[in-house]
Amino acid sequence: MSAPLVIETRGLTKRFGAHVAVDDVDLHVVEGARYGFLGPNGSGKTTMVRMLLGLVYATRGEITVLGRPVPSRVAEVLPEIGAMVEGPAAYPHLSGRANLALLDAAGPRRRSTGRSRRRRVEEVLERVGLGAIDRRPVRAYSLGMRQRLGLAGALLDEPRLLVLDEPTNGLDPHGIREVRDLLIELNERGTTVFLSSHLLAEIEALCTTVGVVDRGRLVLEDDLDAVRGPTGRLVVRTPDPDAAARVLGRAVAERHDHTLVVDAAPGGPPALARHLVENGVPLDGLVEQRRSLEDVVVSLTGPGSDTSRSRRNGARP
Amino acid sequence: MIGVELQKLVRRPRTWVAVGLLCLLPTIVAVFLATTRISPPPGQGAAFLSAVLQSGSLYPAAALALVLPIFLPVAVAVIAGDSVAGESSQGTLRYLLVRPVRRTSLLVAKLVAVVVFVVGSVLAVAGSSYVVGVSLFGAGDPVAVVRALPEVTGGDDAVAGTGPEAAPAGGQVGGSAAASGGQAQRPGADTGDATAVDPDAARERAQASVSSLSGEALSPADLAARLLGAMGYVTVSMLGVAAIALFLSTITTSSLGATLGALAALITSQVLVSLDAAASVTPYLPTRYWLAWVDFFRDPIFLRDITAGLWLQAGYVVVLMLAAWANFTTKDVTS
């Protein structure tokens with residue numbers, strides 16, 4: 001991690017009474033990253049996000065965002081951050097445009113002229129796919145439209161850092177794809193994206209770095225590619241699994257129908273392929289086995305706090 | 001930020017409904033008075049109501065007396081109680097704070113918006129009731145005010161005994177009764193402890209009674225000045241309610257809770273003010289000097305209670321706003 005950190009926390013802890021919501025978390029978000037903050041519901045993600053934004057005060061520990069300490073100098077940091085925290089919110093009796101105009105007027109560019117404000121509002125509405133909305137009040141919006149409106153609010157000031165809590169909640173698959181493309185586009189133009197989600201697939205599809213949180217503790221923080229590294233085994237697909245099993249003997253670790261998982265021998269896949277073919281075993285395919293993010297997460301975390309099952313029951317066979 | 005809060009206030013339909021209802025009550029009363037020509041006898045009913053048949057230009061004062069005991073404090077408690085708690089439960093508070101809006105400036109902006117609402121509704125009530133009063137009763141001769149009021153104050157000693165009983169029973173409900181009852185009870189409480197009576201004040205009051213019987217006519221400018229003074233005083237009286245509701249609004253995320261809490265405080269205060277046994281605390285209760293605005297219509301204007309009321313409201317605003325600030329700037333925003 002050579003790039004500068006945009007978010008760093010040291011020993012961050014938050015208690016609500018006896019309940020420890022966030023427990024001794026050291027977070028490192030590198031500039032330009034798309035950081036996925038993954039954890040089941042109730043694991044402390046939202047509390048963490050709120051502490052980063054100065055909404056909730058930490059019990060213990062330090063936070064640095066964009067090089068400045070939070071919450072003591074959070075007012076200097078927030079103008080450069082676009083945020084969505086725990087679902088969108090708007091004044092229900094006003095239109096989406098009016099809501100954004102109010103939000104813009106409350107923000108760092110509160111003294112700008114009406115025309116530049118209208119232009120800015122139209123721009124962000126266009127960006128999130130709400131360019132064609134009419135004057136209906138937000139009360140009549142679907143959850144997906146509210147979500148887009150919330151995202152539009154986060155983009156008002158062309159932020160250096162986006163902090164998004166469950167941004168695709170309530171969107172249809174088409175909308176999820178659009179939001180993901182938008183975030184990747186913003187990221188490629190230099191915006192760091194910090195995104196929290198309980199959806200593994202969402203993090204896997206969007207992020208470059210992942211932090212896994214379980215019951216308030218950060219149990220993993222690494223590049224997604226490193227997490228999904230090779231396991232040291234090879235996956236062999238063959239129409240004749242019996243023959244393959246005979247040839248490979250004790251190297252076979254697992255066997256499911258026409259697929260065998262084999263401990264890697266010296267020489268790697270080419271050597272194994274040659275060995276099998278020379279012994280008359282036909283091959284459909286042979287690849288390195290890689291860990292899936294799901295396997296890693298399940299092995300590192302317990303069941304979510306909204307279940308009472310023990311870890312053993314929750315694990316896959 | 002103040003501009004944003006004012007925009008939110010103005011663009012909220014509820015604001016206009018509240019102002020409309022505040023103006024509606026005096027209008028309804030005026031229509032009944034005008035069609036029946038039966039006015040409450042002096043000393044009964046809301047202050048000034050007996051006088052307006054002679055002079056419609058006094059109707060703004062009568063209207064203030066009608067809305068002051070219940071309608072206005074309820075409206076203020078609703079608006080102020082919702083100000084922070086409403087944003088909080090709606091979720092918009094967190095988005096304002098991360099814009100960023102500093103918590104202190106948000107609180108100040110909220111207070112300013114509530115004050116603007118109070119000023120606006122007092123102006124609307126006075127304006128609409130002036131139009132209604134003059135068109136239904138004619139501009140008349142505002143001397144009536146000087147003649148009518150002393151009869152209220154003149155009856156002080158006579159009704160003093162009934163005041164403490166009438167006011168708690170009426171409480172907030174018998175708004176007009178509380179107005180006259182409270183008015184009557186106050187000097188009564190003074191005379192109950194003869195040594196505590198300020199001789200100057202007593203003389204003033206006696207003089208007012210006498211001179212009013214042969215009262216001099218109020219010039220339009222004099223009437224306008226007295227009305228403005230009364231409106232200003234009523235506005236200030238509402239600031240204590242606003243501060244209580246705003247403070248509670250920073251504590252809870254339920255705007256209903258904050259509003260009801262503020263109203264509960266007011267009702268408690270109304271009950272205690274009229275309770276002789278609570279005399280030791282009455283000077284510090286928020287509603288104690290609410291009715292002192294009537295003193296603007298005495299001749300000469302009787303300033304003692306008005307001054308005390310201004311100081312009291314200022315005290316409530318300062319203490320409660322500091323408490324609200326201390327609470328709001330240090331609390332976790334988890335909604």
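Every chain is numbered on its own, with residues counted from 1 as its sequence reads. Chains and ligands are labelled sequentially in the order written, the chains with letters from A and the ligands with numbers from 1. Only residues with pLDDT of 70 or above have their local features reported here, since the model is predicted, and side-chain atom pairs are shown and tallied only from 80 upward, although totals for entire chains, interfaces and linings are computed over all residues.

UniProt positions are given in the numbering used here, feature names are shortened, and annotations may be inferred rather than shown by experiment. Sequence positions flagged by UniProt for "domain: ABC transporter" (unreviewed entry) are, in local numbering, residues 7–240 of chain A. Put simply, DSSP H or I for four residues or longer makes a helix, DSSP E for two residues or longer makes a strand, and each gets a number counted from the N terminus. The span residues 7–240 of chain A carries 32% helix and 30% strand; its end-to-end C-alpha distance comes to 53 Å.

Here we come to the pairing of strand E12 (residues 230–237) of chain A. Residues and elements named next belong to chain A. If DSSP finds at least two bridges between two strands, the strands pair. By the bridge criterion, five bridges tie E12 to strand E15 (residues 285–290) in an arrangement that is antiparallel. Its bridge partner lying in E15, Leu-234 is registered against Glu-288. Across five bridges, the pairing between E12 and strand E14 (residues 259–263) is antiparallel. Looking across to E14, one finds that Arg-233 is bridged to Asp-263.

A separate point is the packing of helix H2 (residues 13–36) of chain B against helix H3 (residues 59–67) of chain B. Residue and element names in this part refer to chain B. One can describe the packing of H2 onto H3 by two numbers: an axis separation of 9 Å at closest approach and a directional angle of 115°. The element H2 and its partner H3 pack so that their crossing is right-handed. On H3, the residues touching Leu-22, Leu-25, Pro-26, Val-29 and Ala-30 of H2 are Tyr-59, Ala-63, Leu-66 and Val-67. Throughout, the ten residues Ala, Val, Leu, Ile, Met, Phe, Trp, Tyr, Cys and Pro are labelled nonpolar, Asp, Glu, Lys and Arg are labelled charged, and all others, Gly among them, are labelled polar. Here the contact of H2 with H3 is built from residues that sort into nine nonpolar, no polar and no charged. To obtain each axis, a line is fitted to C-alpha atoms, and for helices this fit is confined to the stretch in contact; angles are then taken between N-to-C directions over 0 to 180 degrees. Less than a right angle of anticlockwise turn of the near helix away from the far helix marks a crossing as left-handed, whereas a clockwise turn marks it as right-handed. With C-beta atoms placed from the backbone, a contact is any residue pair whose C-beta atoms sit within 7 Å.

Residue and element names in this part refer to chain B. As annotated by UniProt and renumbered to match this structure, "transmembrane region" (unreviewed entry) occupies residues 16–38, 58–85, 106–132, 223–248, 260–286 and 306–328. Across residues 58–85, the secondary structure splits into 86% helix and 0% strand, with the terminal C-alpha atoms separated by 39 Å. As annotated, residues 223–248 has a helix share of 100% and a strand share of 0%, and its two end C-alpha atoms lie 38 Å apart.

Per the domain assignment, the segments making up chain A are domain 1 (5–225) and domain 2 (230–290). How far each domain reaches was decided by an automatic or database domain assignment. A C-alpha centroid distance of 45 Å is found between domain 1 of chain A and domain 2 of chain A.

This part takes up the interface of chain B and chain A. Taken residue by residue, the interface counts 23 residues in chain B and 22 residues in chain A. Listed by contribution, the elements that provide at least two residues to the side of chain B that touches chain A are helix H1 (2–10) and helix H5 (92–97) of chain B. Ranked by residues supplied to the side of chain B that touches chain A, first place goes to H5 of chain B with five residues.

All names here are of chain A. With antiparallel pairing, four strands are arranged side by side in an open sheet as E13-E14-E12-E15. Strands at the two margins of the open sheet, each flanked by one partner only, are strand E13 (252–256) and E15. Direction aside, neighbouring strands of the sheet carry axes that sit 25° apart on average. Both E13 and E14 contribute to a ladder of four bridges, which runs antiparallel. Looking at E14, one finds that Glu-254 is bridged to Val-261. Strands in contact with helix H10 (residues 268–278) are E12, E14 and E15; relative to E15, the strand with the most contacts, it is inclined by about 145°.

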